[in-house]
Every structure is written in structure tokens, then in C-alpha cells.
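Coordinate inspection notes
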Amino acid sequence: MQLDCAGKMLDLSQPMVMGVLNVTPDSFSDGGCYLPLGAALRRAEIMVQEGAAIIDIGGESTRPGAPPVSAAEELDRVLPVVERLARDLSIPVSVDTSKPEVIREAAWAGAGMINDVRALQIPGALDAAVTSGLPVCLMHIRGEPATMQQEPHYGDVVIEVHAFLAERVRVCQAAGIPRERLLVDPGFGFGKTLDHNLRLLRHLDRFTDLAAGVLVGVSRKSMIGLLLNAPVDERLSGSLAAAVVAIWQGAKIIRTHDVRETVQALCVCAAARAAE
Ligand code: PT1
């Protein structure tokens, strides 16, 4: 159970941590302080030391209410960081993008994975991903970040998100990306109420047979804030609890800002889960 991320291997035989590196001026929890190249590299190196298995570089904020960004702007933010980290880090980097231009250029610059919150639905993105030959994380979103939290409604959120991801996996396979190179992600907080998010977490085990693995991002999100009535800088324990539930339910990768703490929590969770 390994993913080939442009020559660097991502082991999926035990739970892994994906460290978040935002290169946006408006990121919801690190205030965009990782924009300069040197600072981005130092932050990434710390996450590697803390046990991250992959670093996710994002130049488009996708938190609720975030405005769209142009391809040129996103390329300016992301490409230098991808190039430098792909060269200098021992672990793969993924690029958090939906745009075909960014997928293509990032793959050229050495990215090892495509993480697309729009599941390759933007015209040209699927082709770019196929050509890159890289593993892809397909995430479910309802609507667009700017408006996705305006009265999200589902018949049965688990069935509908599962059907969406199954269809995207089918489309990717038909285009030439084998299932073994795909991850799926129900998209916590992306056009979902607290109740929707909790139902997806509770039933995450139903998603494990769709692809090579399930990836989950719950770190510091408003679902944790709503449950704890806590601001964004006081959501660590709640985020760890949600990550542990996700791993217990079969998730393979946790996307998080807090690498050291998440690695420790997952280590204990995985050990208990592996016991006879
Ligand atoms: C995620 C994810 C992501 N989340 C993947 N990529 C973000 N694969 C960016 C809130 O409710 O879960 N999976 N890339 C960050 N987006 C959000 C969404 C941040 C919701 C905050 C919230 O607070």
C-alpha cells in the first residue's frame, strides 16, 4: 500500500499526516505568514521533523466565504514554493489546487500529488491530472467556497457525497487514472452543516472502498468551533478527537496544521486499532 508521488513514496499501511502550508494572504488560521520562500521552507522543515508524511501547499483559500483567485495569482504564490520544497524535502509535496494551469506547472516543478477540493471538475483539470501521472485526492464540495455555507441541504448527506465521489472515481478511471492512484475526501466544512459533518464522520467507513484511501481535513474547522464554542486558536484537542475518530473509521491521511500532536494521537489510535 504505497503511493508513488513523483518518485517519493507515501506509505499507506498506517495512518499518515499531511501538513498544511498555506501560501495565501488570507488563510483562516495562520494569517498568511508563510508567504516568503524562506519562511515557507522553514515551516515545512519543522513539519517534516514533527513527522509529516506529505506537505500540502495551497495558494487558494477555500475556507467559507473566501473569494476566488486568478490562475496567475495562484501560480505566483504556489510555484516557487513547490519547486523549492520538492527539491529540498525528503517527503513529497502536494498542491492544493483546482486549476489546470496550476496542476500542469506544479507537476513540472516537482509536485508529488494533486489535492483538488473540486475533484477535477473544472474544464481541463482532469486532462492535466491524467498527463501529470500523479496521484490525486478527489474532494466533495457543494457549491463554491464564497457561498457554500448558505443553507446547505441534502436528502441523505452520506449517500449523496458517496455517490458523488464514486462517480468522480469512475470518471478518473475512464480517463486513465487508476483507482490505486486516487484518494477520496468527503470535504468537511465544504457546503455542510455541523450535522452533515458529524454524519459523514460517523459513517466514514463507508468511503474506504472507493479508492486507495480516505483523506480527511478537520483541523481547526468551524465544526470543531461550533461543538466547543471555541475560537480558531483553541480547537486543537477537538481537532485531534475528530482525527482519531476518522482514523478509527478507516481514514488513511489526516490533513492538519498541528503535525506533532496529530502524529502522536494517530500513533495511539492506530496501535489500538491494530491490536487483536
Ligand atoms: C480538506 C481541505 C482541503 N480543507 C482537502 N483539502 C481546506 N483534501 C483546504 C471551516 O469550516 O478538508 N480536504 N483544502 C480548508 N478549507 C476549509 C473549509 C477551512 C472549512 C475551514 C473550514 O472552518
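Placed above this text is the structure.
This section reports on the structure supplied with the text. (Residues numbered from 1 in each chain as written. Predicted model: local features only at pLDDT ≥ 70, side-chain atom pairs only at ≥ 80, totals over all residues. Heavy atoms only, no water.)

1. Regarding helix 6 (residues 194-202)
Every buried residue of helix 6 is accounted for by His196, Asn197, Leu200 and Leu201. End-on view of helix 6: buried residues confined to an arc of 135 degrees, all on one side of the axis. Buried residues along helix 6 sit against helix 5 (157-175), helix 7 (222-228) and helix 8 (236-248). (Buried < 20%, exposed > 50% of the residue type's maximum accessible area, 1.4 Å probe, protein only. Helix = DSSP H or I, 4+ residues; strand = E, 2+ residues; numbered from the N terminus. Arc of directions from axis to C-beta. Contact = heavy atoms within 4.5 Å.)

2. Description of empty space enclosed by the protein
In this structure the tally under the stated criterion is one cavity of 30 Å³ or more. Every residue lining the largest cavity is listed: Val218, Ser219, Leu236, Ser239, Leu240, Ala243, Ile254, Arg255, Thr256, Asp258 and Thr262. Secondary structure elements with two or more residues in the lining of the largest cavity: helix 8 and strand 10 (253-256). With four residues, helix 8 is the single largest residue contributor to the lining of the largest cavity. (1 Å grid on protein atoms, 1.4 Å probe; cavity = no way out; pocket = protein on both sides within 12 Å on 5 of 7 lines; lining within 4 Å. Points joined across faces, edges and corners; volume = space filled by probe spheres on them.)

3. Topic: the sheet that holds strand 10
A barrel is described by the order of its strands in space; here eight strands give the closed sequence 3-4-5-6-7-8-9-10, paired in parallel fashion. Along the sheet, successive strands turn relative to each other by an average axial angle of 25 degrees, direction set aside. Bridge count for strand 3 (residues 16-22) against strand 10 is four bridges, and the pairing is parallel. Residue pairing for strand 10: methionine 18 is matched across the bridge by arginine 255. Relative to the sheet, helix 5 contacts strand 7 (136-139) and strand 8 (182-185), its axis offset from that of strand 7 by approximately 145 degrees. (Pairing = 2+ DSSP bridges. Axes fitted to C-alpha atoms, helices over the stretch in contact; angles between N-to-C directions.)

4. Considering the nonpolar core
Counting residues in hydrophobic clusters, the biggest one holds 68 residues, and the most contacted among them are Leu21, Ile55, Ile57, Leu85, Leu120, Phe207 and Val216. Sequence-distant contacts of valine 216, that is, excluding residues within four places in its chain, are made with Asp185, Phe188, Leu204, Ala246, Ala251, Ile253, Ile254 and Arg255. (Core = buried A, V, L, I, M, F, W, Y, C linked by side-chain atoms within 4.5 Å.)

5. So, unusual backbone geometry
Of note in the backbone geometry, alanine 6 takes a positive phi value of approximately 55 degrees without being a glycine. Here alanine 6 lies in the loop between strand 1 (2-5) and strand 2 (8-11). Its identity is not glycine, yet asparagine 229 carries a phi of approximately 50 degrees, on the positive side. Within the element layout of this structure, asparagine 229 appears in the loop between helix 7 and helix 8. For asparagine 229, a relative accessible area of 73% gives the class exposed.

6. Quick look at helix 4 (residues 125-132)
The α-helix winds at 3.6 residues per turn, so residues separated by three or four positions along the chain end up facing the same way. Buried residues of helix 4: Ala125, Leu126, Ala128 and Ala129, and no others. Looking straight down helix 4, one finds its buried side chains confined to an arc of 165 degrees; they lie on one side. Turned more than 90 degrees off the buried face of helix 4, the exposed positions are Asp127 and Thr131. Here the buried face of helix 4 lies against helix 3 (100-108), strand 7 and helix 5. Directly beyond the C-terminal end of helix 4, a positive phi value near 75 degrees is found at glycine 133.

7. Topic: the site of the ligand
The local shell around the ligand holds 17 residues, among which Asp96, Asn115, Asp185, Lys221 and Ser222 are the closest. Within the side chain of threonine 62, an N or O atom sits 3.5 Å from a nitrogen atom of the ligand. The separation between an oxygen atom of the ligand and a polar main-chain atom of glycine 217 is 3.3 Å. Partitioning the shell around the ligand into residue classes produces seven nonpolar, five polar and five charged. (Near = heavy atom within 4 Å. Polar contact = N/O pair within 3.5 Å; in protein donor to acceptor, adjacent residues only side chain to side chain. Nonpolar A, V, L, I, M, F, W, Y, C, P; charged D, E, K, R; others polar.)

8. Examining the side chain of aspartate 258
Within the secondary structure layout, aspartate 258 lies in the loop between strand 10 and helix 9 (259-274). Excluding residues within four positions of it along the chain, aspartate 258 makes contact with Ser219, Arg220 and Leu236.

9. Structural notes on the pairing of strand 5 (residues 93-96)
Across the two faces of strand 5 the burial is the same, with Val93 and Val95 and Ser94 and Asp96 all buried. Inspection of the sheet shows strand 4 (residues 54-58) paired to strand 5 by four bridges, in the parallel sense. Residue pairing for strand 5: isoleucine 57 is matched across the bridge by valine 95. In the classification by handedness, the crossover that spans strand 4, the intervening helix 2 (residues 71-88) and the parallel strand 5 is right-handed. Note: strand 5 against strand 6 (residues 113-116), three bridges, orientation parallel. Each bridged residue has a counterpart across the sheet, and for serine 94 the counterpart in strand 6 is methionine 113. (Right-handed = clockwise from strand over helix to strand, strands pointing away.)

10. Comments concerning the packing of helix 5 against helix 6
Between helix 5 and helix 6, whose axes approach to 9 Å, the crossing angle comes to 70 degrees. Classified by the angle between their axes, helix 5 and helix 6 sit roughly perpendicular to one another. Regarding helix 5 and helix 6, the two cross each other, and that crossing is right-handed. Of the residues in helix 6, those in contact with Val157, Val158 and Val161 of helix 5 are His196, Arg199 and Leu200. (Parallel < 35°, antiparallel > 145°, perpendicular 65-115°, else oblique. Left-handed = near helix turned anticlockwise from the far one by under 90°.)

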